[in-house]
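Structural features, examined
The chain contents come next:
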Amino acid sequence: EILDAVVLETRPRWVLELGTYCGYSTVRIARLLPPGARLVTIEMNPHYAQVAKEVIRHAGLEAQVELLVGSSSILIPQLKKKLDIEKFDLVFIDHWKVSYLPDTKLLEECGLLRAGSVLLADNVVCPGSPDYLQYVRNSPQYQSQYFQSYLEYLQVEDGLEKSVFLG
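Residues numbered from 1 in each chain as written. Predicted model: local features only at pLDDT ≥ 70, side-chain atom pairs only at ≥ 80, totals over all residues. Heavy atoms only, no water.

This paragraph deals with the sheet that holds strand β3 (residues 65–69). Spatially, β3-β2-β1-β4-β5-β7-β6 is the arrangement adopted by the seven strands of the open sheet, whose pairing is mixed. Two strands bound the open sheet, and with one partner strand each, they are β3 and β6 (142–150). Ignoring strand direction, the axes of neighbouring strands in this sheet form an average angle of 15 degrees. Bridge analysis of strand β4 (residues 88–93) against strand β5 (residues 113–121) gives five bridges, and the strand direction is parallel. Counterpart to F92 in the pairing with β5 is L120. Together, β1 (14–18), β4, β5, β6 and β7 (157–165) form the strand contacts of helix α6 (residues 100–109), whose direction differs from that of β5 by roughly 165 degrees. (Pairing = 2+ DSSP bridges. Helix = DSSP H or I, 4+ residues; strand = E, 2+ residues; numbered from the N terminus. Axes fitted to C-alpha atoms, helices over the stretch in contact; angles between N-to-C directions. Contact = heavy atoms within 4.5 Å.)

The next thing to look at is the packing of aromatic side chains. Following the criterion strictly, the structure yields four aromatic pairs and no others. Ring geometry for Y100 and Y132: centres 5.7 Å apart, planes at 90 degrees, overall edge-to-face. Here Y132 lies in helix α8 (residues 130–138) and Y100 lies in helix α6, a separation of 32 residues in the sequence. For the residue pair Y100 and Y132, the accessibility class agrees, reading buried in each case. Over the ring of Y135 we find K105, and its NZ or CZ is 5.1 Å from the ring centre. (Phe/Tyr/Trp six-rings, centres within 6.5 Å; stacked < 30°, edge-to-face > 60°. Buried < 20%, exposed > 50% of the residue type's maximum accessible area, 1.4 Å probe, protein only. Lys NZ or Arg CZ within 6 Å of the ring centre and 35° of its normal.)

Looking now at the environment of Y142. Inspection of the secondary structure assignment puts Y142 in strand β6. Considered as a pair, Y142 and L166 are 24 residues apart in the sequence and their alpha carbons are 5.5 Å apart. Setting aside chain neighbours within four positions, we find Y142 in contact with T104, E108, L113, L119, Y135, V136, S163, V164, F165 and L166. Reaching out from Y142, the side chain makes a polar contact with the side chain of E108 at a distance of 2.5 Å. (Polar contact = N/O pair within 3.5 Å; in protein donor to acceptor, adjacent residues only side chain to side chain.)

Take α8 next. Along α8, the positions that sit buried rather than exposed are Y132, L133, Y135 and V136. Along the axis of α8, the buried positions cluster into a sector of 165 degrees, meaning they face one direction only. Relative to its buried face, α8 has exposed residues pointing more than 90 degrees away, namely P130, Q134 and N138. On its buried face, α8 is in contact with β4, α6, β5, α7 (124–128), β6 and β7. (Arc of directions from axis to C-beta.)

From the geometry alone we can't say anything about function, so treat these as descriptive.
Below is the structure:
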């Protein structure tokens with residue numbers, strides 16, 4: 001519900017998802033995008049990517065979604081040329097927690113964020129990404145807000161961090 005609300009509020013034209021897994025959040029995002037909008041999703045595991053491709057196809061969203069297989073740290077610097085993209089309006093971060101901060105800094109270095117770009121990071125409490133949280137909460141480049149949630153199927157506290165890039 002938090003993800004849906006952020007997508008609807010942001011009305012992004014270009015979305016980047018880091019961590020596709022089985023494609024569940026990919027479908028949730030893509031179904032809410034305005035006409036002509038595109039979602040680029042990166043999954044490191046080729047087996048997960050194959051499952052996600054089928055899920056995306058079954059949902060009828062393959063025309064809106066570009067699924068790239070490989071390491072985010074390798075693919076992020078290639079996105080501008082590979083996809084002829086300037087900036088992302090929304091970035092959903094839900095991959096390896098240790099990669100949250102390095103990939104955020106890589107997005108900044110590659111000029112893929114604009115003033116107003118929204119980063120939404122999942123599972124920031126459990127298993128957690130404390131270095132990422134410290135960075136976005138204390139950097140003058142971001143305005144952040146925490147949304148409490150719970151792990152799927154468990155009553156274990158987790159949360160999402162929404163950070164607006166100020167430039």
